[in-house]
Amino acid sequence: MERPRVTSLPAPLCASAASRWFRPESDFERRRAMAEDIQAKLKRYKTAPFDSRFPNQNQTKNCWQNYVDFHRCQKAMAAKGADAAPCQWYYRVYKSLCPTSWVTTWDEYREEGIFPGKI
C-alpha cells in the first residue's frame, strides 16, 4: 500500500508562536526577560534544587556551603554598595537545608567572632 504524498507543510497553530520564534530581540530585551524569569522562579521557590557538587544523600556540606556563600555574598555586596537581592538565592537554599539549631549556633559564632568559616 502506497503512502499519500505530503505536498505542503501544516500551518502553525497560532501566528504569535511562529513570530516569537523568528523575532529578533536585542540583547537587553533577552537579559531583561531572563531576569524576570529568575525573579518568577524565586517567587515559586519551594526547596533546594539539585546541586551536582553535592550528589550524595547527606546534604550537610551543601547546607554549610550555602550558609557561607550567603554571608560572603552579603559582605561583597555591602562593600560594593550594591543591592544584596542576588544573595537571597543562597539564603533560601540554606534555610531549606539547614537545621535551625545549626543556623542559630553559627549566627552566634559569627557575632562572637569565632565562626570557623571564611566569610
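Each remark here, short or long, concerns the structure printed above.
Let me begin by describing the structure that accompanies this report.

The rules behind each value
Positions within a chain are numbered from 1, following the residues in the order the chain's sequence is written. The predicted origin of the model limits local features to residues at a pLDDT of at least 70 and limits the giving and counting of side-chain atom pairs to 80 or more, whereas totals for whole chains, interfaces and linings rest on all residues. Side-chain measures were taken over the full set of non-hydrogen atoms in the model, leaving aside hydrogen atoms and water. What counts as a disulfide here is a pair of cysteine sulfur atoms lying within 2.5 Å. Numbering of helices and strands runs from the N terminus; a helix is a DSSP stretch of H or I covering at least four residues, while a strand is a stretch of E covering at least two. Burial classes follow relative accessibility: with a 1.4 Å probe on protein chains only, a residue under 20% of its type's maximum area counts as buried, one over 50% as exposed, and anything between as partly exposed. Within 6.5 Å between ring centres, the rings of Phe, Tyr and Trp (the latter by its six-membered ring) count as paired, and their orientation is classed by plane angle as stacked under 30 degrees, edge-to-face over 60, tilted in between. Note on definitions: salt bridges are taken to be side-chain nitrogens of Lys or Arg within 4 Å of carboxyl oxygens of Asp or Glu.

### Description of the state of the cysteines
Part 1 of the reasoning: Inspection of every chain in the model, using the stated rule, returns two disulfides.
Part 2 of the reasoning: There is a disulfide in this structure between Cys63 and Cys98, and the S-S distance comes to 1.9 Å. Torsion about the S-S bond of the Cys63 and Cys98 cystine: about 120°, corresponding to right-handed handedness. Placement of the pair is Cys63 in helix 3 (residues 60-80) and Cys98 in the loop between helix 4 (88-97) and helix 5 (100-112), with a sequence separation of 35 residues.
Part 3 of the reasoning: You can call Cys63 buried: its relative accessible area is 1%.
Part 4 of the reasoning: Disulfide partner of Cys73: Cys87, at an S-S distance of 2.0 Å. Because the torsion about its S-S bond is -80°, the bridge between Cys73 and Cys87 counts as left-handed. Linking Cys73 in helix 3 with Cys87 in the loop between helix 3 and helix 4, this pair joins segments that are 14 residues apart in sequence. For the pair Cys73 and Cys87, one class covers both residues: buried.
Part 5 of the reasoning: Taking only the cysteines that form disulfides and numbering them from first to last, the protein chain has the pattern 1-4, 2-3.

### A closer look at the packing of aromatic side chains
Part 1 of the reasoning: Throughout the structure, instances matching the rule amount to nine aromatic pairs.
Part 2 of the reasoning: Relative to Tyr94, the ring of Tyr67 lies with its centre 5.0 Å away and its plane at 80°, an arrangement referred to as edge-to-face. Of this pair, Tyr67 sits in helix 3 while Tyr94 sits in helix 4, and the two are 27 residues apart along the sequence.
Part 3 of the reasoning: Taking relative accessible area as the criterion, Tyr67 reaches 0% and is therefore assigned buried.
Part 4 of the reasoning: Ring plane angle 55° and centroid distance 4.9 Å describe the contact between Tyr67 and Trp106, whose orientation is recorded as tilted. You can see Tyr67 sitting in helix 3 and its partner Trp106 sitting in helix 5, a full 39 residues away along the chain. Residue Tyr67 shares its accessibility class with Trp106, and that shared class is buried.

### Considerations on the pattern of salt bridges
Part 1 of the reasoning: Overall, the coordinates contain four salt bridges when judged by the stated rule.
Part 2 of the reasoning: Note that Arg32 is salt-bridged to Glu36, the shortest N-O span being 3.8 Å. Placement of both Arg32 and Glu36 in helix 2 (residues 27-44) is noted, with a separation of four residues, approximately one turn of the helix.

Distances and angles like these do not, on their own, reveal function.
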